[in-house]
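Structural overview
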Amino acid sequence: MAGTYKDAIAQLFDDMVPGVSVSAPENRDLNIVVPRAHAFYFPEDSLAVAVTTPGNPTPVTAVIRDPDGTERSVSLANDTDPLRWEAVSPLIFDEGSPVGSWTVTAQSADASAEVSFEFRLADHPKLVFSPAELPEIQSRKDDAAYAEIWQAMRSAADSYDSPIPDPGPGKDIRSYGQRLINLGLIQLVDPAQPYAPRLWEYFFAMLRYPNWAADADPRFNNEDLTVGHFLTALSLVYDWHYETLTPAERAEVREHLREVAARWLHTSYLRHYRDIQYNHYSAATGNHYWINHEGVAAAAFVLAGEMPEDERGLWVDHLEENLATIFTVLEDDGTSHEGVAYHS
């Protein structure tokens, strides 16, 4: 018997890589399956409470309580599955919804359950510049001092072909990161520019490539640089064009950035060099190390306020420790042995 299931059991443990969420054990009588504990919701998001009762046919009642203590009853029905109760009408959050921790409490016969979740107001843009700084940046397209740069950005965008559908072996697409950033910045500075279709073509292709997965075959060519560049670009465009994305698309981006960043922290690309020795100097000052840290940092800071802070804080601590190590091995003026071309 043990031999029959040993490989399957071992595979289950192997699948529990960093960043994988393991749900709570199912209760026989009552389980709140939506929302998930500690989930985050934002304006325009909808919440359709769902409760399962695997061994309990008794009807379910549920109440949502906001941070101000106001309670609202949830009408539930089990039309499609006698053991799954779902809200008849979802709760739609808006800018006026109270910010903070909300709870859902469900009751069925003698069984009860409670789940807490967060509602937040998203704060964008927050990477590189703030909303207050954006008008001045947008005005630069009409400033002669920036005319050459603005023209070069648009000329580059004109040269972009569609992203390839299958980045298989030998196909190096790390430059897509720079393309996406350029497209995103052009459309942010001047929404009347014609590159929005190409922007979103690149954005969703890069987001949804299957090569990201830990068990992907094949993985990205030049995987560490591709992941680093892609995390940076996706984070920036999510930040700059947050309002353009639908609630479902925003949730997809947040989930992807969170999963990849959490997993990437535990790779050798972001290893710690405590008590660093001379033979590690080139690794700590190399562009591969920096680009991977940049990508995870972009995800960590764009998701501030949009994921549990105790988890995100661990990412920031990891990044800051490694940044401090990098500073100890740089030249006094900050220059790198790889030269300006690698880090400009």
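Described in the following lines is the structure provided in the data block.

Cut-off values and rules
- Residues numbered from 1 in each chain as written.
- Predicted model: local features only at pLDDT ≥ 70, side-chain atom pairs only at ≥ 80, totals over all residues.
- Heavy atoms only, no water.
- Helix = DSSP H or I, 4+ residues; strand = E, 2+ residues; numbered from the N terminus.
- Buried < 20%, exposed > 50% of the residue type's maximum accessible area, 1.4 Å probe, protein only.
- Contact = heavy atoms within 4.5 Å.
- Areas by Shrake-Rupley, 256 points an atom, 1.4 Å probe, with all protein chains shown as cover.
- Lys, Arg positive; Asp, Glu negative; His and termini not counted.
- Charge placed at Lys NZ, Arg CZ, Asp CG, Glu CD.
- Axes fitted to C-alpha atoms, helices over the stretch in contact; angles between N-to-C directions.
- Parallel < 35°, antiparallel > 145°, perpendicular 65-115°, else oblique.
- Left-handed = near helix turned anticlockwise from the far one by under 90°.
- Nonpolar A, V, L, I, M, F, W, Y, C, P; charged D, E, K, R; others polar.
- Salt bridge = Lys/Arg side-chain N within 4 Å of Asp/Glu carboxyl O.
- Phe/Tyr/Trp six-rings, centres within 6.5 Å; stacked < 30°, edge-to-face > 60°.
- Pairing = 2+ DSSP bridges.
- Polar contact = N/O pair within 3.5 Å; in protein donor to acceptor, adjacent residues only side chain to side chain.

Moving on, we come to the overall build of the protein. The secondary structure content of the protein amounts to 10 helices and 11 strands. Principal-axis analysis of the C-alpha atoms gives the protein an extent of 70 × 60 × 40 Å. Going through the 344 residues of the protein one by one, you find that 43% of them count as buried. Nonlocal contacts in the protein, meaning residues at least 24 apart in sequence, comprise 68% of its contacts between residues at least 6 apart. A total accessible area of about 18400 Å² is found for the protein, and carbon and sulfur atoms account for 53% of it. A gap of 3 Å separates the mean positions of the 24 positive and 53 negative side-chain charges of the protein.

Between helix α6 (residues 223-240) and helix α9 (residues 287-302), whose axes approach to 8 Å, the crossing angle comes to 30 degrees. By the angle between their axes, α6 is roughly parallel relative to α9. The interaxial crossing formed by α6 with α9 has left-handed handedness. Of α9, the residues touching α6 (which contributes D224, L225, G228, H229, L231, T232, S235, Y238 and D239) are N287, H288, I291, N292, E294, G295, V296, A298, A299 and V302. For the contact of α6 with α9, the residue count by class is eight nonpolar, eight polar and three charged.

On to the pattern of salt bridges. Here the idea is simple: oppositely charged side chains can pair when their charged atoms come close. All chains considered together, the criterion is met by 19 salt bridges. Between R254 and D45 there is a salt bridge whose closest N-O contact spans 4.0 Å. In this pair, R254 is assigned in helix α7 (residues 247-264) and D45 in the loop between β2 (40-41) and β3 (46-47), connecting sequence segments 209 residues apart. The class of D45 is buried, set by a relative accessible area of 10%. Measuring nitrogen to oxygen at the nearest pair gives 3.4 Å for the salt bridge that ties R72 to D66. Through salt bridges with shared partners, a single ionic network connects E44, E243 and R250.

Summed over all chains, the structure comprises 20 aromatic pairs. Ring centres 5.5 Å apart and planes at 40 degrees place the aromatic pair Y41 and F93 in the tilted group. Here Y41, found in strand β2, pairs with F93, found in the loop between β9 (91-92) and β10 (100-108); they are 52 residues apart in sequence, far enough to count as distant. Taking the relative accessible area as the measure of exposure, F93 reaches 2% and is therefore buried. Site record: aromatic cluster; members linked through ring pairs are Y41, F93, W102, F117 and F119.

Turning to the sheet that holds β2, a few remarks are in order. Strand order in the open sheet made by the five strands is β2-β11-β10-β5-β6, with mixed pairing throughout. The strands lining the two open edges of the sheet, one partner per strand, are β2 and β6 (71-74). Bridge count between strand β5 (residues 61-65) and β10: five bridges; the pairing is antiparallel. Its bridge partner lying in β10, A62 is registered against A106.

Another aspect to go through is the sheet that holds strand β7 (residues 76-77). Pairing is antiparallel in the open sheet, where four strands are placed in the order β1-β4-β8-β7. Strand pairing shows two members of the sheet lacking a second neighbour, β1 (31-34) and β7, which therefore form its edges. Note: β1 against strand β4 (residues 50-52), three bridges, orientation antiparallel. Following the sheet pairing, V34 is matched in β4 by A50.

This paragraph deals with the side chain of N322. By the secondary structure assignment, N322 is in helix α10 (residues 309-329). In terms of polar contacts, N322 uses its side chain to reach the backbone carbonyl oxygen of L270, at 3.2 Å. Apart from the residues within four sequence positions on either side, N322 is in contact with L270, R271, H272, Y289 and H293.

Of note, the bond from V34 into P35 is cis; its omega dihedral lies within 30 degrees of zero at 5 degrees. Locating P35 in the fold gives a position in the loop between β1 and β2. Cis geometry marks the peptide bond from D217 to P218; its omega dihedral reads 10 degrees. On the secondary structure map, P218 appears in the loop between α5 (196-208) and α6. Although it is not a glycine, V128 adopts a positive phi angle of roughly 75 degrees. A positive phi is found at N222, a non-glycine position, where the angle reads about 50 degrees. Here N222 falls in the partly exposed class, since its relative accessible area comes to 29%.

All quantities given are derived from atomic positions and should not be read as evidence of function.
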